[in-house]
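# A look at the structure
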Amino acid sequence: MGLEDVFQCTLCGICCKGQGGIIVTKKEIDRIAKFLGLDNKEFEEKFLEKEDSNKYSIKIKEDGYCIFFDKDRRCTIHPVKPNICIAWPFFKGNLEDENSFEMAKEYCPGIKKEIDFEQFKREGIKYLKEKQLISQQEDGPNALKVKF
């Protein structure tokens with residue numbers, strides 16, 4: 001079994017919709033600004049909203065989609081997209097809680113309907129490790145230590 005057996009992105013953009021869901025780190029701001037040919041200040045003013053004194057989220061458009069999601073159903077910053085976007089649908093809650101997984105499976109058409117929670121969890125953890133988005137994994141509740 002591989003990743004494609006549990007998830008294959010359909011480019012529907014459902015995961016790109018929602019207010020304040022895409023928090024970006026300083027490192028992500030640096031790489032996206034560089035990709036766009038902007039300095040960090042210019043990038044922050046044009047594309048980010050300040051959540052609190054230390055956090056920024058990517059702005060959304062009037063239709064509720066991420067400002068970087070275009071009409072052709074593509075992410076315009078795909079090569080440098082934030083870690084949280086890279087990780088979808090393998091969020092901590094979806095990997096640790098079967099109910100969250102079932103809700104994600106109903107929400108996201110890319111999650112294969114025939115797979116079960118254990119298959120999803122196994123492939124998701126493997127994927128996050130490959131992408132270096134898990135800093136450690138331990139046994140017990142809240143076992144995954146994710147980097148987003």
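Residues numbered from 1 in each chain as written. Predicted model: local features only at pLDDT ≥ 70, side-chain atom pairs only at ≥ 80, totals over all residues. Heavy atoms only, no water.

### Overview of the overall build of the protein chain
Within the protein chain, the regular secondary structure consists of six helices and seven strands. Secondary structure elements of the protein chain, listed N to C terminal, follow the sequence β-α-α-β-β-β-β-α-α-α-α-β-β. Here the C-alpha atoms of the protein chain give a radius of gyration of 16 Å, agreeing with the 15 Å that 2.2 N^0.38 yields for 148 residues. For the protein chain, with 148 residues in total, the buried portion stands at 36%. When the accessible area of the protein chain is evaluated, it comes to approximately 9,100 Å², of which 49% is carbon and sulfur surface. If you average the places of the 26 positive and of the 27 negative side-chain charges in the protein chain, the two averages end up 4 Å apart. (Helix = DSSP H or I, 4+ residues; strand = E, 2+ residues; numbered from the N terminus. Rg over C-alpha atoms; globule rule 2.2 N^0.38 Å. Buried < 20%, exposed > 50% of the residue type's maximum accessible area, 1.4 Å probe, protein only. Areas by Shrake-Rupley, 256 points an atom, 1.4 Å probe, with all protein chains shown as cover. Lys, Arg positive; Asp, Glu negative; His and termini not counted. Charge placed at Lys NZ, Arg CZ, Asp CG, Glu CD.)

### A few points about the layout of surface pockets
Approximately 820 Å³ is the volume attributed to the largest pocket. If you tally residues by element for the lining of the largest pocket, the top one is helix 3 (residues 83-87), at three residues. (1 Å grid on protein atoms, 1.4 Å probe; cavity = no way out; pocket = protein on both sides within 12 Å on 5 of 7 lines; lining within 4 Å. Points joined across faces, edges and corners; volume = space filled by probe spheres on them.)

### Things to note about the packing of aromatic side chains
In the structure shown here, the tally under the stated rule is eleven aromatic pairs. Ring geometry for Phe-43 and Phe-68: centres 6.4 Å apart, planes at 15 degrees, overall stacked. Of this pair, Phe-43 sits in helix 2 (residues 40-47) while Phe-68 sits in the loop between strand 3 (56-58) and strand 4 (69-70), placing them 25 residues apart in sequence. Here Phe-90 and Phe-120 contribute two aromatic rings whose centre-to-centre distance is 4.9 Å and whose plane-to-plane angle is 35 degrees, an arrangement assigned as tilted. (Phe/Tyr/Trp six-rings, centres within 6.5 Å; stacked < 30°, edge-to-face > 60°.)

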